[in-house]
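Architecture at a glance
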Amino acid sequence: MTMAPELRDIIEALIFISLEPLSLEKIQETLSDYPPSEVEKALNELLQKTASSAGGITIIQSGGGYVFTTRPEFDPWVRRFLKIDRKSKLSSASLETLSIVAYHQPITLSEISALRNVDSSYTIKTLLEKKLVKITGRKKSPGNPLIYRTTERFLAYFGLNSLDELPTEEEIAKILGEDQTVEQAPKP
Amino acid sequence: MNDLPLRATEASESYRVRLEVFEGPLDLLLFLIRKKKIDIHNIPIAVITREYLDYLNREDQINLDREAEFVLMAALLIHIKSQLLLPREEPLTEGEEPRRFLVDQLLEYQKIKAACSILKEREEEQLALWTREALPPLPEPAEPDLAEVSLFDLAETFFILMKRKQAENFRVVRGQTYSLEEKMKDIIAELEKDGILDFLDYFNRQENLEAAIVSFFSLLELIKARLVMAVQERLFQTIKVWLRRESKSRQ
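Right, let's walk through the structure included here. (Residues numbered from 1 in each chain as written. Chains lettered and ligands numbered in written order. Predicted model: local features only at pLDDT ≥ 70, side-chain atom pairs only at ≥ 80, totals over all residues. Heavy atoms only, no water.)

1. Things to note about the overall build of chain A
When its secondary structure is counted, chain A shows 9 helices and 5 strands. Counting helices and strands in the order they occur from the N terminus, chain A gives α-α-α-β-β-α-α-β-α-α-β-β-α-α. For chain A, with 188 residues in total, the buried portion stands at 40%. For chain A, the computed accessible surface area is about 10,900 Å², with 57% contributed by carbon and sulfur atoms. (Helix = DSSP H or I, 4+ residues; strand = E, 2+ residues; numbered from the N terminus. Buried < 20%, exposed > 50% of the residue type's maximum accessible area, 1.4 Å probe, protein only. Areas by Shrake-Rupley, 256 points an atom, 1.4 Å probe, with all protein chains shown as cover.)

So this is what it looks like as structure tokens:
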């Protein structure tokens, strides 16, 4: 009874001090004197507590672990403090290329370009620079083209924990269904 | 009362967003298919080609860097139409349908676009969340990477300073002489007062060219005598001067 809340607070302290998203495994490893199932339970309690209470910060699961973040509504003040006008977003070409890599990986540049019907060499270069995709080898086919995959950073950027959390077929189908009904206004 | 006009502008704003340039040919084709409420599995190629070429001619609607790719798609559309027009002895089987390849591409592209819109929302959400490790490092207190300069660097800077001084094109007052010793004392005095001397600034403060030259020689003398340390962060930038004993305590 009195054990559980204590454990919850310990976990909170660990997440607070961790420099990177802290995984459940790592928490369990640190708190090896507690049964793993109890640690997991306490973690869930902590998440519920932070989610339901007000305040400037909260805990999210991202990049395979738990991490403290500011709540989205405080974005304007955080940016004012950090002197950042706005975070730059990905261009639509980048986003398109990135989703193709995400869903079709491993994939080559010519395959990407074929799917988009647009030469994508420049876009893939920017994505490489942003470390959102990486080269993982060469395909055993004529010309031995490079093979691209998404990175851990890609997951963290979109707040995903694994590729399984990419939008599913159902979510996509839903969007497509909505789109068809929304397209009412004709262009002049 | 105020609500209505506001909403109207909002609507026209979002309308304008829709009119943004089309990134690629599939982008435009999909748009036309939706606009004309065409069944993607049964595209009337003639209709869509006409519309497509129409947009191609309005050059502000497409990304001009991608013009070649847009034109290529137009060629593909016309090719498909010609295939459809060819008289055939037997009806085409499913696999031979000339539109098949394009339809498959469009369907896949449509899915990607939908996934993009979901990811875009996620991106938006994520960008509003700030974690501590994402904080940029605090600016270090100004301590530039210092490198001691050679006499050649100093001499080079000297000539640049000379040129600047000459460019000022003022008259030299004759009859006044400046002593090296005096200038050295003056520099030391400045250093003792401020701890550091911006030599470019000091040089420019000199009343005339002769004084300026003497001040530079004085600096060289002081360096030679190891009384001061001179540092230039980058070529052609100012030379900073410290007293030597200070330089020891700085280490």
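Once you've had a look at it, read on.
2. A word on the nonpolar core
Residue and element names in this part refer to chain B. Grouped together as the largest cluster of nonpolar side chains are 26 residues, with contacts concentrated most on Leu28, Leu29, Ile43, Ile48, Tyr52, Leu77 and Leu106. Going through the elements one at a time, helix H2 (25-35), helix H3 (45-57), helix H4 (67-85) and helix H5 (100-127) are the ones with two or more residues in this core. It is H2 that provides the largest number of residues to this core, a total of 7 residues. Residues contacting leucine 77, with those up to four places away along its chain left out, are Leu29, Ile45, Ile48, Thr49, Tyr52 and Leu102. (Core = buried A, V, L, I, M, F, W, Y, C linked by side-chain atoms within 4.5 Å. Contact = heavy atoms within 4.5 Å.)

3. Some details on the interface of chain B and chain A
Chain B puts 43 residues into the contact, and the matching count from chain A is 55 residues. For the pair chain B and chain A, the summed buried surface comes to about 4,500 Å²; carbon and sulfur atoms form 61% of the total. Scanning the region where chain B abuts chain A turns up 3 salt bridges. Among the salt bridges present, the one from B:Lys113 reaches A:Glu96, with a minimum N-O distance of 3.0 Å. (Buried area = accessible area lost by both parts, 1.4 Å probe. Salt bridge = Lys/Arg side-chain N within 4 Å of Asp/Glu carboxyl O.)

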